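Chains, contacts and geometry: an overview
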Amino acid sequence: MNNNISDLPKKFKGLKHDFSSDQVTFKGVNWGKAMMWIFLVSDTFIFSCFLIAYMTVRGSTPIPWPNPSEVFALTIFGVHVPLLLIAIMTFVLITSSGTMALAVKFGYERNRKLCALFILLTAIGGIAFVGMQVFEWTKLIFHEGVRPWANPMGANQFGAIFFMVTGFHGTHVSIGVIFLLIYARKTWRGDFDTGKKGFFTSMRSDYLAIEILGLYWHFVDLVWVFIFAFFYLW
Amino acid sequence: MTNNIKKKVVNTHGLAVYLWIWTLLFVLSACSYAVDYFQFQGILRWSLILFFMFAKAGLIMAFFMHLFWERYALVNVLLWPMTAIVAFIFLMSAEAKYTVFTRLFYFVAGTG
């Protein structure tokens, strides 16, 4: 199937061809990859609901919304920098997305060592991100007294939305880090070269698994782009 | 093994593509941070935020998530459902305006 996929029609002619053909609609797409994409679409709707809830709540309160630029400012060596921690978190997550893209590329090339190394680098980026988020939450909860039901800076709903949206995103990052570490070990051990069966699924896997893992990780980065824009910058 | 590598290399994209997209994402992130750092306000702020956001999201989806290279059957199945979100945004923004109106009317104006 993979051999003749380049002979099939492309673009919208290809769309019509694929949907009107028998058996497989998504030509050349592994079922695991298709299922990951479908999961990501559903996850997109969950995060959209959160961000739309945020819009509704922020738009419907007559009390001023806290200024995120000031709430998340840091003072470094006596210099007051607005939104600094969030900017660093954004750069760390984009860096980890880049290393993941390279891990997927090296996976395609069946380059076992570089693939494992770049998955590990991605995991380290993810851990750094979650660590900074823990710092941010600690600062807000213990030093500034932000609670889901109240905060000293403005509209009460701020805390509820903040903890829900960043908490849900942080959970995604943490789950991603766990899987990155598992797959870094599997790749390094050479499971995808020897065809060793997975301990949980008892199925043989392939470097394709790295691409599927990569989709999830890029999605986590993608969601952060929207959270950064709407929650921190707006 | 060497055969395998040669066969697979056809499917991969050059290192340069990823490094370019990576650099662009860094630049765009720096730009969106600059929007806050220089405290742009009003329409300029919101349009810049949205522009940089969609540029970043587009680059990640197209190149890091490989949608640029996927067949249209997959791309269209993934992207069309997203338009429902736009409709939902308009609905809930109308709802928020109505809520804030009733709150101001009954809590503030209506008390007199």
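The structure presented is a predicted model; accordingly, all values stated were derived computationally and were not measured.

Turning next to the overall build of chain A. The number of helices and strands found in chain A is eight helices and two strands. Projected onto the principal axes, the alpha-carbon positions of chain A cover approximately 60 × 40 × 30 Å. The buried share of chain A, reckoned over its 234 residues, is 35%. The contacts in chain A between residues at least 6 apart in sequence include a share of 68% that link residues at least 24 apart.

In this section: helix 2 (residues 15–37) of chain B. Taking 1.5 Å of rise per residue, the 23 residues of helix 2 of chain B would be expected to cover 33 Å, and the 33 Å separating its terminal C-alpha atoms lies within 8% of that figure. Looking only at helix 2 of chain B, the buried set comprises Trp 22, Leu 25, Ser 32, Tyr 33, Val 35 and Asp 36 of chain B. On the buried face of helix 2 of chain B, the contacting elements are helix 3 (68–71), helix 4 (84–108) and helix 8 (208–233) of chain A together with helix 3 (42–64) of chain B.

Okay, the nonpolar core next. Within the largest apolar cluster, 66 residues are counted, with the highest numbers of intra-cluster contacts made by Ala 103, Ile 119, Ile 210 and Phe 228 of chain A. Residue assignment for this core shows that the elements contributing at least two residues are helix 2 (31–60), helix 4, helix 5 (112–143), helix 6 (157–189) and helix 8 of chain A together with helix 2, helix 3 and helix 4 (72–79) of chain B. Among the elements that make up this core, the one with the highest residue count is helix 8 of chain A (19 residues). Apart from the residues lying within four places of it in its own chain, the contact partners of Ile 210 of chain A are Ala 103, Val 104, Gly 107, Cys 115, Tyr 183 and Thr 187 of chain A.

With that settled, the discussion passes to helix 3 of chain B. When the terminal C-alpha atoms of helix 3 of chain B are compared, their 32 Å separation across 23 residues agrees well with the 33 Å that a helix rising 1.5 Å per residue should span. Taken residue by residue, helix 3 of chain B has Ile 49, Phe 52, Lys 56, Ile 60, Phe 63 and Phe 64 of chain B as its buried positions. Packing partners of the buried residues in helix 3 of chain B comprise helix 4 and helix 8 of chain A together with helix 2 of chain B.

Residues and elements named next belong to chain A. Between helix 5 and helix 6, the least distance of the axes is 8 Å, while the angle of their chain directions is 155 degrees. What the angle tells us is that helix 5 and helix 6 run roughly antiparallel. Remark: the crossing between helix 5 and helix 6 carries left-handed chirality. Note on element contacts: helix 6 touches helix 5 through Thr 166, Gly 170, Val 173, Ser 174, Gly 176, Val 177, Leu 180, Leu 181, Tyr 183, Ala 184, Thr 187 and Trp 188, opposite Arg 112, Cys 115, Ala 116, Ile 119, Leu 120, Thr 122, Ala 123, Gly 126, Ile 127, Phe 129, Val 130 and Gln 133.

Residue and element names in this part refer to chain B. In this model, chain B carries a mean pLDDT of 86, and residues with pLDDT of at least 70 account for 87%. Model confidence for chain B, summarised as mean pLDDT per element, is weakest for helix 1 (residues 2–9) at 45 and strongest for helix 3 at 93. Contacts from residues 1–10, a stretch scored under 50 in pLDDT, to residues over four places away or in other chains number seven contacts. Taken together, the chains of this predicted complex give a pTM of 0.90 and an interface ipTM of 0.88.

Contact residues are listed per partner, giving 44 residues for chain A and 44 residues for chain B. Residue assignment for the side of chain A that touches chain B shows that the elements contributing at least two residues are helix 1 (11–19), helix 2, helix 4 and helix 8 of chain A. It is helix 4 of chain A that provides the largest number of residues to the side of chain A that touches chain B, a total of 10 residues. Residue composition of the side of chain A that touches chain B, grouped by class: 25 nonpolar, 12 polar and seven charged.

Rules behind the numbers
- Residues numbered from 1 in each chain as written.
- Chains lettered and ligands numbered in written order.
- Predicted model: local features only at pLDDT ≥ 70, side-chain atom pairs only at ≥ 80, totals over all residues.
- Helix = DSSP H or I, 4+ residues; strand = E, 2+ residues; numbered from the N terminus.
- Buried ≥ 20, exposed ≤ 12 C-beta atoms within 10 Å, placed from the backbone.
- Contact = placed C-beta atoms within 7 Å.
- Expected span 1.5 Å × (residues − 1).
- Core = buried A, V, L, I, M, F, W, Y, C linked by C-beta atoms within 7 Å.
- Axes fitted to C-alpha atoms, helices over the stretch in contact; angles between N-to-C directions.
- Parallel < 35°, antiparallel > 145°, perpendicular 65-115°, else oblique.
- Left-handed = near helix turned anticlockwise from the far one by under 90°.
- pLDDT = per-residue confidence, 0-100.
- Nonpolar A, V, L, I, M, F, W, Y, C, P; charged D, E, K, R; others polar.

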